[in-house]
Amino acid sequence: MGITQIKHAKFQIGQVVKHRLFPFRGIIFDVDPEFANTEEWYQSIPEDVRPHRDQPFYHLLAENAESEYVAYVSEQNLLPDTSGEPLRHPQIKDLFEKVENGLYKVKIQHAH
């Protein structure tokens, strides 16, 4: 097979997702078609749960019970979050406007 597999991201910007293994959820604000973080970051993931590099990776405004932060997560480790629970991450309001069918809409940036 000489055909390159074109990867389509399963999730989209503005979608609320949760991690498959860890207790956090968040909203996607950017997508890399494949792994684009540092080698140190990649090596810091325990080998038994380290994801493949050749899949979409998502930047999330993430939150768990204790805090809000930015997470970088492989597609294989995300699931749609259909709980409908509001997210409290403080940066969401800077980037997105209200929910429509569980999706947030990217705010139009107005030039000054």
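We now turn to the structure provided with this report. (Residues numbered from 1 in each chain as written. Predicted model: local features only at pLDDT ≥ 70, side-chain atom pairs only at ≥ 80, totals over all residues. Heavy atoms only, no water.)

It is worth spelling out the pairing of strand β2 (residues 25-32) at this point. Successive side chains on a regular strand alternate, one facing one side of the sheet and the next facing the other. Of the strand pairs in this sheet, strand β1 (residues 16-19) and β2 are connected by 3 bridges, and their pairing is antiparallel. Opposite Val 17, over in β2, you have Gly 26 as the bridge partner. Between β1 and the antiparallel strand that follows it, β2, lie 5 residues. Relative to strand β3 (residues 57-63), β2 is paired through 7 bridges, and the arrangement is antiparallel. Its bridge partner lying in β3, Asp 30 is registered against His 59. (Pairing = 2+ DSSP bridges. Helix = DSSP H or I, 4+ residues; strand = E, 2+ residues; numbered from the N terminus.)

With that out of the way, let us pick up the packing of aromatic side chains. With the rule as written, the count across this model stands at 9 aromatic pairs. Ring centres 5.3 Å apart and planes at 25° place the aromatic pair Phe 57 and Tyr 72 in the stacked group. With Phe 57 in strand β3 and Tyr 72 in strand β4 (residues 68-74), this residue pair connects regions lying 15 residues apart in the sequence. Judged by its relative accessible area of 10%, Tyr 72 is buried. An aromatic cluster is present here, built from Phe 35, Trp 41, Tyr 42, Phe 57 and Tyr 72 joined pairwise through their rings. The ring of Tyr 42 has Arg 53 sitting right over it, with the charged end atom 3.9 Å from the ring centre. (Phe/Tyr/Trp six-rings, centres within 6.5 Å; stacked < 30°, edge-to-face > 60°. Buried < 20%, exposed > 50% of the residue type's maximum accessible area, 1.4 Å probe, protein only. Lys NZ or Arg CZ within 6 Å of the ring centre and 35° of its normal.)

With that out of the way, let us pick up the pattern of salt bridges. Considering all chains together, one arrives at 5 salt bridges under this definition. The partner of Glu 39 in a salt bridge is Arg 53, and the shortest N-O contact between them spans 3.0 Å. Placement of Glu 39 in helix α1 (residues 39-44) and of Arg 53 in the loop between α1 and β3 is noted, with a sequence separation of 14 residues between them. The class of Glu 39 is partly exposed, set by a relative accessible area of 40%. In this structure, the salt-bridge partner of Glu 68 is Arg 88, at a minimum N-O distance of 2.6 Å. Of this pair, Glu 68 sits in strand β4 while Arg 88 sits in the loop between β5 (78-80) and α2 (92-95), and the two are 20 residues apart along the sequence. A residue is classified by how much of its surface remains accessible, and Glu 68, at 34% relative accessible area, is partly exposed. What makes Arg 88 partly exposed here is its relative accessible area of 41%. Several salt bridges share partner residues, and in doing so they unite Glu 63, Glu 68 and Arg 88 into one network. (Salt bridge = Lys/Arg side-chain N within 4 Å of Asp/Glu carboxyl O.)

Honestly, it's all geometry; don't read function into it.
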